[in-house]
Protein chains: 2
Amino acid sequence: MALEIEKKFLVKGKPWLNAPSQDLRQGYISKEAKATVRVRIAQNQAWLTIKGKTPDNSFSRLECEYNIPLDDAETMLTQLACSDIISKTRYTIQHAGFEWTIDVFEGVNDGLILAEIELPSEDTLFERPDWAYQEVTFDHRFSNSSLSNFPWKQFSDEFKS
Amino acid sequence: MALEIEKKFLVKGKPWLNAPSQDLRQGYISKEAKATVRVRIAQNQAWLTIKGKTPDNSFSRLECEYNIPLDDAETMLTQLACSDIISKTRYTIQHAGFEWTIDVFEGVNDGLILAEIELPSEDTLFERPDWAYQEVTFDHRFSNSSLSNFPWKQFSDEFKS
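Residue positions are given per chain, counted from 1 along the sequence in the order it is written. All chains are assigned letters beginning with A, and all ligands numbers beginning with 1, in the order in which they are written. Per-residue local features are limited, in this predicted model, to residues with pLDDT of at least 70; the limit for side-chain atom pairs, both in listing and counting, is 80 or more; totals at the level of whole chains, interfaces and linings are taken over all residues. Side-chain measures here rest on the full set of heavy atoms in the structure, leaving out hydrogens and waters.

Trainee: Could you give me a rundown of the relation of the copies chain B and chain A, with the residues and numbers involved?
Mentor: Note on the identical chains: chain B maps onto chain A by a rotation of 180° and an axial translation of 0.0 Å, with an RMSD of 0.0 Å. On the angle and the small slide along the axis, the relation comes out as a two-fold axis. Considering only C-alpha atoms, the residue of chain B closest to the rotation axis is Ser30 of chain B, which sits at 2.9 Å. What makes two residues a contact is simply this: any of their non-hydrogen atoms within 4.5 Å. Most of the interface of chain B is mirrored in chain A, where 100% of its interface residues again form contacts. Here the copies are matched by least squares. The fit uses the C-alpha atoms of residues with pLDDT of at least 70 in both.

Trainee: Can you lay out the pattern of salt bridges for me, pointing to particular residues and giving the numbers?
Mentor: Opposite charge on two side chains permits them to pair, given that their charged atoms come into close proximity. Residue and element names in this part refer to chain B. Whenever Lys or Arg places a side-chain nitrogen within 4 Å of a carboxyl oxygen from Asp or Glu, that contact is recorded as a salt bridge. Going through the model one piece at a time under the given rule, you end up with 24 salt bridges over all chains. Among the ionic pairs, Arg25 bridges to Glu74, the shortest N-O distance being 2.8 Å. Residue Arg25 is found in strand β2 (residues 21–31), and its partner Glu74 is found in helix α1 (residues 70–79); the two are separated by 49 residues along the sequence. Relative accessibility decides the category of a residue: with a 1.4 Å probe and only protein chains considered, values under 20% of the type maximum give buried, values over 50% give exposed, and everything between is partly exposed. Judged by relative accessible area, which is 30%, Glu74 ranks as partly exposed. The partner of Glu116 in a salt bridge is Arg90, with the nearest N and O atoms 3.8 Å apart. The helix count covers DSSP runs of H or I at least four residues long, the strand count covers runs of E at least two residues long, and both are numbered beginning at the N terminus.

Trainee: Can you tell me about the packing of aromatic side chains, naming the residues and giving the values?
Mentor: Residue and element names in this part refer to chain A. For Phe, Tyr and Trp, rings pair up if their centres lie within 6.5 Å, where Trp contributes its six-membered ring, and each pair is then called stacked (planes under 30 degrees apart), edge-to-face (over 60) or tilted (otherwise). Using the criterion set out here, one finds 28 aromatic pairs over all chains in the structure. Ring centres of Phe9 and Trp100 lie 5.6 Å apart, and the angle between their planes is 50°; on these two criteria the pair is classed as tilted. Taken together, the residues span a long stretch of sequence, with Phe9 in strand β1 (residues 2–11) and Trp100 in strand β7 (residues 98–105) at a distance of 91 residues. As far as the burial class goes, Phe9 and Trp100 line up, both buried. Through a chain of ring-to-ring contacts, three or more aromatic side chains come together here, namely Phe9, Phe98, Trp100, Phe126 and Trp131. Positioned above the aromatic ring of Phe59, the side-chain terminus of Lys7 is 4.6 Å from the ring centre. Whether a charge sits over a ring depends on NZ of Lys or CZ of Arg being within 6 Å of the ring centre and within 35 degrees of the ring normal.

Trainee: Give me the lowdown on the pairing of β7 of chain A, citing residues and values where you can.
Mentor: On any regular strand, side chains alternate: one points to one face of the sheet, the next to the other face. All names here are of chain A. Burial analysis of β7 places seven of its eight residues in the buried class, which makes it a mostly covered element. In the sheet, strand β6 (residues 86–95) pairs with β7 via eight bridges, with the strands oriented antiparallel. Across the sheet, Lys88 pairs through a bridge with Phe105, a residue of β7. When DSSP locates at least two bridges between a pair of strands, those strands are taken to pair. Between β6 and the antiparallel strand that follows it, β7, lie two residues; Ala96 among them carries a positive phi value of about 50°.

Trainee: Pulling in residues and values, what's your account of the interface of chain B and chain A?
Mentor: Tallying the contact residues gives 23 residues for chain B and 23 residues for chain A. Throughout, the accessible surface (probe 1.4 Å) given up by two parts as they are put together, summed over both, is called the buried area. Across the chain B/chain A interface, buried area totals approximately 2000 Å², and carbon plus sulfur atoms make up 67% of it. Together, Glu32, Tyr66 and Leu80 of chain B form the three largest contributors to the area buried by chain B at its contact with chain A, with a combined 28%. Remark: the boundary between chain B and chain A carries zero salt bridges. Pairs of N or O atoms within 3.5 Å make up the polar contacts considered here, provided that, within protein, one atom can donate a hydrogen while the other can accept it, and that residues adjacent in sequence are counted only when both atoms are side-chain atoms. The tally of links from chain B across to chain A stands at five residue pairs in polar contact (both at pLDDT 80 or more). Residue assignment for the side of chain B that touches chain A shows that the elements contributing at least two residues are β2, β3 (35–42), β4 (45–52), β5 (60–68) and α1 of chain B. Basically, the charged four are Asp, Glu, Lys and Arg, the nonpolar ten are Ala, Val, Leu, Ile, Met, Phe, Trp, Tyr, Cys and Pro, and anything else, Gly included, counts as polar. When the residues that make up the side of chain B that touches chain A are grouped by side-chain class, the tally is 15 nonpolar, four polar and four charged.

Trainee: How would you summarise the UniProt feature "domain: CYTH" (unreviewed entry) in chain A if you had to cite specific residues and measurements?
Mentor: UniProt positions are given in the numbering used here, feature names are shortened, and annotations may be inferred rather than shown by experiment. In the UniProt entry, the feature "domain: CYTH" (unreviewed entry) is given for residues 2–149 of chain A. Helix makes up 9% of residues 2–149 of chain A and strand 50%, and the two end C-alpha atoms of the span are 27 Å apart.

Trainee: An account of the side chain of Thr124 of chain A is requested, with residue identities and associated values reported.
Mentor: Residue and element names in this part refer to chain A. Of note, Thr124 is situated in the loop between β8 (113–118) and β9 (132–135). Reaching out from Thr124, the side chain makes a polar contact with the side chain of Ser121 at a distance of 2.9 Å. For Thr124, the contacting residues outside a window of four places in its chain are Phe98 and Leu119.

Trainee: Can you lay out the pairing of strand β7 (residues 98–105) of chain B for me, pointing to particular residues and giving the numbers?
Mentor: Pairing of β7 of chain B with strand β8 (residues 113–118) of chain B, which is carried by five bridges, proceeds in the antiparallel orientation. Bridge assignment links Ile102 of chain B to a residue of β8 of chain B, and that residue is Ala115 of chain B.

Trainee: Can you tell me about the nonpolar core, naming the residues and giving the values?
Mentor: One finds Leu48, Ile50 and Met76 of chain A together with Leu48, Ile50 and Met76 of chain B to be the most contacted residues of the largest nonpolar core, which totals 32 residues. Elements supplying a minimum of two residues to this core: β3 (35–42), β4 (45–52), β5 (60–68) and α1 (70–79) of chain A together with β3, β4, β5 and α1 of chain B. Excluding anything up to four places from it in sequence, Met76 of chain A contacts Ile29, Val39, Leu48, Ile68 and Ala81 of chain A together with Met1, Ile50, Cys64 and Tyr66 of chain B. By convention a nonpolar core is built from buried Ala, Val, Leu, Ile, Met, Phe, Trp, Tyr and Cys residues, the set being connected through side-chain atoms within 4.5 Å.

Trainee: Describe in detail the side chain of Arg141 of chain B, supporting the description with residues and values.
Mentor: Residues and elements named next belong to chain B. Its location among the elements puts Arg141 in the loop between β9 (132–135) and α2 (144–147). By relative accessible area, which is 17% here, Arg141 ends up buried. Looking at Arg141, its side chain comes within polar contact range of the side chain of Asp139, at 2.9 Å. A distance of 3.1 Å separates the side chain of Arg141 from the side chain of Glu158, its partner in a polar contact. Discounting chain neighbours no more than four positions away, the residues touching Arg141 are Ser146, Leu147, Phe150, Phe155, Glu158 and Phe159.

What follows is the structure in structure tokens.
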């Protein structure tokens, strides 16, 4: 089981133009006290991902991910998900030696654009691009599990770029 | 994703003597409204199992099971389980053309012995052995997810053989 160490930012502009992308659909079959269980489909592949909770004042958490059959994932999203399905397009771009993902949300989270960078440790230094205009790492509303039942449109007024 | 169609019985006597067995440890990282997520370890193997809820008046439910690395499972049981860990020895015996499993529980469920038979359909006929003295298929307290936080010793007085 690996550690996921991740920072999150709101995005301005369209830094992802011409970047490689994939369409993602994901849902949650658990958001219990100690873990979330996520089902994700991208094109013709699917994964089941278990993530521990992020401790207070940290941005690291346990993560295990397993490739699963696409049919299983479709059934889980249709019949076992405990909240709305999240749809988004994920772009991958390079900036100053690091890979960033930019998620452009659709559906109930339309208008939300989140950039994420995964780091090898919490004290790794990285250059923050201008388009990553506001950090939201510690705001739990921006976790995808939260966005699946408390979507962006319900609190976007607080974040005008 | 398969269907699990299963009947459950309390056991009297020791019909499992000399039967092959394995020691199981399992915990739950989710027991949400629509699904349970179980981690099970048997000897040096581990599995993650997603089960849908059983509809009322049915004994069938969706089930997906995936082999996972032992280290991941140990970490999940230690850090992500949302209730007590269940320990039991599972015996496998044949009776009248069907395979039965007999779970002899330990720890907080010490004293409980449950036999299970998996069937290809709800209307499959099978011979119930004498030692399967009381059916508990529809009593949700005998699900392992329930037994992990409401153990046998809290309601065993109702079931004297």
